[in-house]
Amino acid sequence: LQALTSKRQRAKVLPVAVQFYARAGRVAAARESLEEYLELLRGQEGSVESARRLAGLQALVASAENRPYDVIAALEPMVGSETTNPAVWQLLAEAYDRTDQPGRAVKALNQYRRLNPQDAQVARELSRQYAKLGDWDKVLNAVGLAESLGSADLTLKLLRYSALINLASTRRDQSHLE
């Protein structure tokens, strides 16, 4: 990166550097590369696609810096149901989870699942978010999905038992009211 001196070359390489640094846990270097990239872009008119890419980079760095509200602020204006980048939906779901917004996390996770239906970890996370919402039938469905995709751990078992207990309790309470 230091060998590149041309602004044009740096503008092409910096987005990749931001991603690399953020994923490698080098948060300060990711932020520095993003700031340099933003400086190089100042005054240039970009396409919608480049605006989406920039929003993704800003969200990635904000996530690495543990700033979930900034992730949401960067991505929400750019996403719609036609967004086909699963990483965007995953970042949003994580940010919603960190800010205790399980309903929104479920929506983002379902969009992610639309693009990656075989991801067992996302099915597992869906079951956790449904539990936060108290939607016990959907917890059972998500646990079953995660297990069918090969995920089997203590957390899933606990979520299943919790859902079964809560459903039984709800049914018992309803029968007492009748």
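For the structure itself, consult the block above.
The structure reproduced in this document is the subject of the present report. (Residues numbered from 1 in each chain as written. Predicted model: local features only at pLDDT ≥ 70, side-chain atom pairs only at ≥ 80, totals over all residues. Heavy atoms only, no water.)

### Concerning the environment of V122
Here V122 shows up in helix α7 (residues 120-133). Given the relative accessible area of 5%, V122 is considered buried. Spatially, the C-alpha atoms of V122 and R8 are 38 Å apart, while their sequence positions differ by 114 residues. Sequence-distant contacts of V122, that is, excluding residues within four places in its chain, are made with L109, Y112 and R113. (Helix = DSSP H or I, 4+ residues; strand = E, 2+ residues; numbered from the N terminus. Buried < 20%, exposed > 50% of the residue type's maximum accessible area, 1.4 Å probe, protein only. Contact = heavy atoms within 4.5 Å.)

### Side note on the nonpolar core
Of all hydrophobic cores here, the largest spans 48 residues; its most connected members are L34, V71, L75, L92 and V139. Ranked by residues supplied to this core, first place goes to helix α5 (residues 86-98) with seven residues. Leave out the neighbours within four places in its chain, and L34 touches V18, L54, L57, Q58 and V61. (Core = buried A, V, L, I, M, F, W, Y, C linked by side-chain atoms within 4.5 Å.)

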